[in-house]
Each structure stands twice: as C-alpha cells, then as structure tokens.
Amino acid sequence: MQIQRLAAQTPLKRNFKNTQNQQQPQKPEKFDAKPYICGAGVLASAAIGYFIGKKPAKIVEKIVNKETLLLLSEQSAQKCKNILNNMSSHFAANTYKSELEKLNTLTQDEKKYFIKLYEEKTGFPNLEKVTDNIKEHIKSVLNKAAEQSGTKVVFSAYDKNCSIGRKLALPGTDIDEWGLVIDGTQEQINKFKEVLYSSYDQNIVNIICDHPKVYSLEELKNYLNKIDEITNTPEFQSKTQQFVKNINEYTGSKEKPEYITNTTYNIMLADKFPEEESKIRIALDLSSTIETLRDGETLINNLSETDKALIENSSLYKYGNFLQQKWRNSLKSKHAARIGLDKKYNEYNTDKKIRLIQSFIDASFNNKPTKESEFGSLYNNIQNTDQGILDTVSRLLQKEVKSPI
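In this convention, every chain numbers its residues from 1, walking through the sequence in written order. With pLDDT at 70 or above as the cut-off, local features in this predicted model cover only qualifying residues; side-chain atom pairs require 80 or more to be listed or tallied, and sums for whole chains, interfaces and linings still use all residues. Based on all heavy atoms of the structure, the side-chain values leave hydrogens and waters out of the count.

Draft legend 1. Summary view of the overall build of the protein chain. Secondary structure is summarised from DSSP: a helix means a run of H or I of at least four residues, a strand means a run of E of at least two, and numbering begins at the N terminus for each. Secondary structure assignment for the protein chain yields 19 helices and six strands. Per-residue accessibility, obtained with a 1.4 Å probe over protein chains only, is compared with the maximum for each type, and a residue is labelled buried under 20%, exposed over 50%, and partly exposed between these values. Here the protein chain holds 405 residues, and the buried ones make up 50% of them. In the protein chain, of all internal contacts separated by at least 6 residues, the share reaching a separation of at least 24 is 74%. Surface accessibility in these figures is a Shrake-Rupley result with a 1.4 Å probe; residues are shielded only by whichever protein chains are displayed. When the accessible area of the protein chain is evaluated, it comes to approximately 20,300 Å², of which 47% is carbon and sulfur surface. Note on definitions: a residue-residue contact is assigned when non-hydrogen atoms from the two residues lie within 4.5 Å.

What follows is the structure, encoded as structure tokens:
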C-alpha cells in the first residue's frame, strides 16, 4: 500500500500539462503538483535508520521537526487538484462557485493539501512572491500570444501604484491601467487577444475585459501625430509649465481638487474630440497607456530607438496625467490592510485559511467581498479614492457628475 505525504514548507514539484483541444477554445495550462510517494516499508526503514544513527530520510526529518504529515489516497489528492484546475480559467466564470463549495466538503487533511497546492501555485502568503509570480506569468502568456499570432509586443506597462506595483498583490488580482502596444495587423492582434484571454491562469491573475488596453504600433503613431497637431497651438503651449507641474506634484485645492487641476491637459485634449469614443480612446485610455510607460512599471519594452524618440517627444507623453501616478505616495487602506497578512495567515486554522482562499478566488471572478465581510478590508477602501477618476471621466464626457456612494 502506498501513502502520500506533504510536508509544510517543502516545495512541491510542478508539472504543467497542456490540455488544449484543438477543436475547443484554448484553456490555461494545468497545475499538477505531485506529492512525494513512498511505500510503507520504505518509511519504516527510514525511521529505523534514523533512530540507529544513520543519515535520516527526508520524510523522517519532517516528522522529527514536527512538520505536517498528510496521509492521502490518490483519489483524494486528485480531487483537490481537480478543484483547483477547474477554477483556473476565465471560462469557468459560470461554474467556479460549485467548485468553491466543494472545498467545504473536503476532509481536514484534504483541505490542508489543497491549501499547499494553492500556496505553491500562487506564492501566497508571501505577497512579494505573489507579485513576482504574477509578473512572470503575464510575460509568459504575452510571449505565447505573440508567438501564436505572429506579432511582437512592443511594450507592456501598468500603474505603479496598483497592488502589483506596490508588491501587495493578492492571488487572482487584476492589473490597473495595463497598456499594451503590439506590432502587427488588426487580424493578428485579434488572434493575439484570443490567445491571451484563453491562456492565462485565473488563480494567478485576472485579465478583465478592458485591461489590458491594446493598441497596434501603427495606431499608436497615428494617434500621437494627431494629438501633436491638435496641441501645437498657443492655447496649449502657454500652459506647458503648469502641465509639467501637475505631473510632478499635487496642485489641487479645496475648490478645485487634484482630479480637476492635475488633469487639465487631458480635459483640454478631450474637448477637441466631439465623439465620446474618441475622448475615451485618446484622452483617457491612450493617455494612461503612455503614462504607464513614462512613470509606471514596465513589464516588456522592445521599442526601437526611432519609436522611442517619437513617443517621448509627443505631447501626450510629456503632459498626459490622467493616472496622476508620479506624486501619489500614500497607500490605499486596502493595501495597508495587507501588510503583515502573511504572519496573520500562518496563525489561521485550516478552515479560516480555506475561507480566505475562497475569497481570493471569488474576487478573481470580480465578486469581491463587502466592506463588512470577514476579509473585506483587504479589498475595500475606507474612503472612496476612485471618486476623482470617476469625476474626471464624467467631465471628459461632459456628463453630470454623481457620487457613487
């Protein structure tokens, strides 16, 4: 008879399997960690060897060090892996709830095994490892999408003040203001998006519909040239010093908060486009993409010297400030609540760890806990720090500004 053990703090091996069916939408690669397997006789021999002074086997070391030993059947271990794998794809949006419920039916040892699988896959509870894991996963998926679509990722960057930028990301988080520029035709870019959305692992990161914002290199150049034509006027040129100041420091007041004064350039630019689609696409989305390249966290940068010069000399690169990320240094309350989470987590009992992981998975499918819930502080801000951006969007679209509270 064989037994399986899982020792806490012992790295599990990864064996990712590509289960893609060519006739079906592509699925994320599956996590298939395999626990150490040994026969009962081997365990007994190792124990005898330890106590008579021979070099102990690792499994005995774990017992002596009072680390966790789990005895699971192959069926139980596979059940845990199946639950995790079945929630790995965004295709599971309509079915993941039933998988979450299955966690409540597991035995305590099965729950412990699932927890270790989840930790190995995501890097949790070390939030720095979670962040690094997310970035490496994104780059891997981007490279896969580029290869299968015949395109090239010119650059990829995101808001440095988001949880990933601050190394306080939770597993399954999304990526704030993630911008992508791809060198390829529209047909190739459509293929790129298809591979991207069907390949990422929902347990690691959530790539929601409007992130990343994707532009072709040709589209980017055309937009920048058009913006430069619009802003090459005395109206804009007379305010360049103020635009630069808005980027580097807080320039708001009680009467005119920062999301009005510090986005003066974007508001003026949006006023030049009568169509709402152009306002959003150019004055908001394109600006945030360029701003992440200028002031944010960069994942990939394959810009040629010529294209780099074109972007850096553009009006939008110099003055766009929709994200206002350069001078924002204070932590959101939800980010502050995550500091020290690893130590708290290690003190949780098995059932509380499972509930926390369930909240991560739920949130990755955009069902974030309420402020009043058990783990609500990890996701919700005490103050509505996004009101400024909502206000700016409303003003850019010339709509009435209403508080969401």
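Draft legend 2. Structural context of the confidence of the model for the protein chain. When pLDDT is averaged across the protein chain, the result is 81; 75% of the residues are at 70 or more. As a per-residue measure, pLDDT tells how confident the predictor is, with possible values from 0 to 100. Note on residues 33–43: pLDDT is under 50 here. Beyond four places in sequence and across chains, it has 26 contacts.

Draft legend 3. Local environment of the nonpolar core. If you look at the biggest cluster of nonpolar residues, it comprises 60 residues, and the most contacted ones within it are F114, L142, W178 and F192. Per element, the largest residue contribution to this core is eight residues, and it comes from helix 6 (residues 127–149). The contacts of F114, once residues within four sequence positions are left out, are C80, I83, L84, M87, L103, L106, I354 and I357. Definition used in this section: a nonpolar core is a set of buried Ala, Val, Leu, Ile, Met, Phe, Trp, Tyr and Cys residues joined via side-chain atoms within 4.5 Å. Of all hydrophobic cores here, the second largest spans 27 residues; its members include F243, Y265, M268 and I311.

Draft legend 4. Structural view of helix 4 (residues 96–103). Among the residues of helix 4, those classed as buried are Y96, E99, L100 and L103. Buried residues in helix 4, looked at end-on, bunch into an arc of 105°, giving them a common side. Comment: arc refers to directions from the helix axis out to C-beta atoms.

Draft legend 5. Broad picture of the packing of helix 4 against helix 18 (residues 350–364). Axis definition: a line fitted to C-alpha atoms, limited for helices to the stretch in contact. Angles are taken between N-to-C directions and run from 0 to 180 degrees. Their axes nearest at 10 Å, the elements helix 4 and helix 18 cross at an angle of 175°. Put simply, helix 4 runs roughly antiparallel to helix 18. In contact with Y96, K97, L100 and L103 of helix 4, helix 18 contributes I354, Q358, I361 and D362. For the contact of helix 4 with helix 18, a count of residues per class yields five nonpolar, one polar and two charged. When an angle is under 35 degrees it counts as roughly parallel; over 145 it counts as roughly antiparallel; between 65 and 115 it counts as roughly perpendicular; any other value is oblique. Gly is placed with the polar residues, together with every amino acid not listed as nonpolar (Ala, Val, Leu, Ile, Met, Phe, Trp, Tyr, Cys and Pro) or charged (Asp, Glu, Lys and Arg).

Draft legend 6. Quick look at the packing of aromatic side chains. To pair, rings of Phe, Tyr and Trp, with the six-membered ring standing in for Trp, must have centres within 6.5 Å; the planes then decide the type, stacked if under 30 degrees apart, edge-to-face if over 60, and tilted in the middle. Counted under the stated rule, the structure contains 10 aromatic pairs. Aromatic pair F124 and F360: ring centres 4.9 Å apart, planes at 75°, arrangement edge-to-face. One end of the pair, F124, is in the loop between helix 5 (108–122) and helix 6; the other, F360, is in helix 18, with 236 residues separating them in the sequence. Assigned by exposure class, F124 and F360 land together as buried. On the basis of an interplanar angle of 75° and a centroid distance of 5.9 Å, the ring pair of F236 and Y265 is categorised as edge-to-face. Placement of F236 in helix 9 (residues 234–237) and of Y265 in helix 12 (residues 264–270) is noted, with a sequence separation of 29 residues between them. Each member of the pair, F236 as well as Y265, carries the same accessibility label: buried. An aromatic cluster of at least three residues, connected via ring pairs, comprises F124, Y345, Y348 and F360. Here, a charge over a ring is recorded when the distance from Lys NZ or Arg CZ to the ring centre is within 6 Å and its angle to the ring normal is within 35 degrees. When the ring centre of Y379 is taken as origin, the NZ or CZ atom of R338, which lies over that ring, is 5.9 Å away. Note that K353 overlies the ring of Y345, its terminal NZ or CZ placed 4.9 Å from the centroid.

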